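# Geometric and topological summary
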Amino acid sequence: MIRARAHEELLAFVEATGIPVVTTLMARGAFPDSHDLHLGMPGMHGSVAAVTALQKSDLIVALGARFDDRVTGDLKSFAPEAKIVHADIDPAEISKNRTADVPIVGDCKATIADLLEAVTSAGVQRAAYQAWRETTLGWKATFPVGYTAPEGDALMPQYVIERLGAIAGPEAVYVPGVGQHQMWTAQFIQYERPMSFANSGGLGTMGYAVPAAMGAKVADPDRVVWAIDGDGCFQMTNQELATCVINNIPIKVAIINNSSLGMVRQWQTLFYNERYSNTDLHTSVGSRVPDFVKLADAYGCVGLRCERPEDVDATIRKAMEINDVPVVIDFVVERDAMVWPMVAAGVSNDLIQIAKDTAPQWDREEDDASEQGLDPDHDGIPSGQHSSDPHSSGQH
Ligand SMILES: Cc1ncc(C[n+]2csc(CCOP(=O)(O)OP(=O)(O)O)c2C)c(N)n1
Ligand SMILES: [Mg+2]
């Protein structure tokens, strides 16, 4: 979608049909997050609305998406009722994972224009999808992606990323590495335009952020470019700061420093009885090896550190004012924060959880829905209880 520069065609198609939209990790920004019909990101860490809309739909129009296992969860239980229209420029993608009912090989820009013409001449009306819109937008309103801070003054990584997005705005470019910070960067920054999010996606390349941010800055020097990196990922390619300094490429780096290989630690917490084998990086808890502020300084960058919620805005604004050299901020954050919602690896998307052992409470939403005369049809989705873990709630 983004490579095809097909965002205008997509917007026209969605406005004509009124069909709700989800944007995969690689498509963040292809459709504006602020649009009413945008349900969020699907997949393992997708929004309840996006995951459930795919699960319950009777028609999926997949444009340049590839039904990756991180999106489908357990493939045989993915979107069981859906007919699939699958358009991709690479014929090898069609019916690779999920069989396409209507295969289309072609460029997305031209394909969507043709689809729009086809639905217009077939007389498809927005009214046809009214009930579905109400159902899916009800899920979006009931289950926003959020987080709960523990008691006290812990600095939450989600808060840091949310503030970065709010202060740097939709015209900036955001480039995460791989891990929890990557998922929060996908979830908590509002993307309004294509090419504002660059990511290694399915390649899962730790070390991507600094060099990719450098490339984005060279390609578009007038934009603010933020690498949002993990303390683990940053240690794979931070030497490229030398290239940035020598060649006058003033990127900004926000290290979301949880002193851990956080995504692996999250799995150790949830699935391996808190057996934290080799995930403690000692980059903030107990010691600073290395000290990222000193490391930034050694490269000739400006190094800043932020450890308290009340300093976040001022630190980001200070970094925004420095445009002659790269800036590195060491955000020392709560290490037990987790990425929610989550569909555990290999299980059905029907089993999405919004916090540890906590399924969405469909009952509440069903009451709302029945008042509106809708039947959201949630058979088979278990309802759970509220989490007692203050670090891991998936909702405000
Ligand atoms: C080169 C490489 N090695 C290992 C992995 C597996 N992996 C995925 S996320 C992750 C942890 C990343 O830690 P960090 O950069 O601190 O990010 P966090 O999850 O803490 O935000 C690891 C080891 C990978 N994706 N790429
Ligand atoms: Mg980390």
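Residues numbered from 1 in each chain as written. Chains lettered and ligands numbered in written order. Predicted model: local features only at pLDDT ≥ 70, side-chain atom pairs only at ≥ 80, totals over all residues.

### Describing the site of ligand 1
Neighbouring ligand 1 are 19 residues; Gly 179, Gly 230, Gly 232, Cys 233 and Gly 262 lie closest to it. Sorting the residues of the shell around ligand 1 by element identifies α7 (180-188), α9 (231-237) and α11 (262-271) as the ones contributing at least two each. Looking at the shell around ligand 1, its residues break down into 7 nonpolar, 11 polar and 1 charged. (Near = placed C-beta within 6 Å. Helix = DSSP H or I, 4+ residues; strand = E, 2+ residues; numbered from the N terminus. Nonpolar A, V, L, I, M, F, W, Y, C, P; charged D, E, K, R; others polar.)

### Brief notes about the domain arrangement of the protein chain
Here the protein chain is described as being made up of domain 1 (7-142) and domain 2 (157-332). On a C-alpha basis, the centres of domain 1 and domain 2 stand 30 Å from each other. Looking at the side of domain 1 that touches domain 2 residue by residue, the classes come out as 5 nonpolar, 4 polar and 3 charged. (Domains from an automatic or database assignment.)

### With respect to the packing of helix α1 (residues 7-17) against helix α4 (residues 108-121)
Packing of α1 against α4 leaves a shortest axis separation of 9 Å and a crossing angle of 20°. In terms of axis orientation, α1 runs roughly parallel to α4. Like other packed secondary-structure pairs, α1 and α4 cross with a definite hand, here left-handed. Contact with α1, carried on its side by Glu 9, Leu 10, Ala 12, Phe 13, Ala 16 and Thr 17, involves Lys 109, Ile 112, Ala 113, Leu 115, Leu 116, Val 119 and Thr 120 of α4 and no other residues of that element. (Axes fitted to C-alpha atoms, helices over the stretch in contact; angles between N-to-C directions. Parallel < 35°, antiparallel > 145°, perpendicular 65-115°, else oblique. Left-handed = near helix turned anticlockwise from the far one by under 90°. Contact = placed C-beta atoms within 7 Å.)

### Some thoughts on the sheet that holds strand β4 (residues 173-176)
The 5 strands are arranged β4-β5-β6-β8-β7 in an open sheet whose pairing can be described as parallel. Every interior strand has two partners, whereas the edge strands, β4 and β7 (302-306), have only one. Neighbour-to-neighbour, the strand axes of the sheet open up by a mean angle of 20°, direction not taken into account. Relative to strand β8 (residues 327-332), β7 runs parallel, the two being bridged by 5 bridges. Residue pairing in the sheet places Gly 303 in a bridge with Val 328 of β8. (Pairing = 2+ DSSP bridges.)

### Concerning the sheet that holds strand β2 (residues 83-88)
The strand order β1-β2-β3 describes an open sheet built from 3 strands, whose pairing is parallel. Two strands in the sheet have a free side with no partner beyond their single neighbour: β1 (59-63) and β3 (102-105). Taking each pair of neighbouring strands and ignoring which way they run, the sheet shows an average axis angle of 5°.

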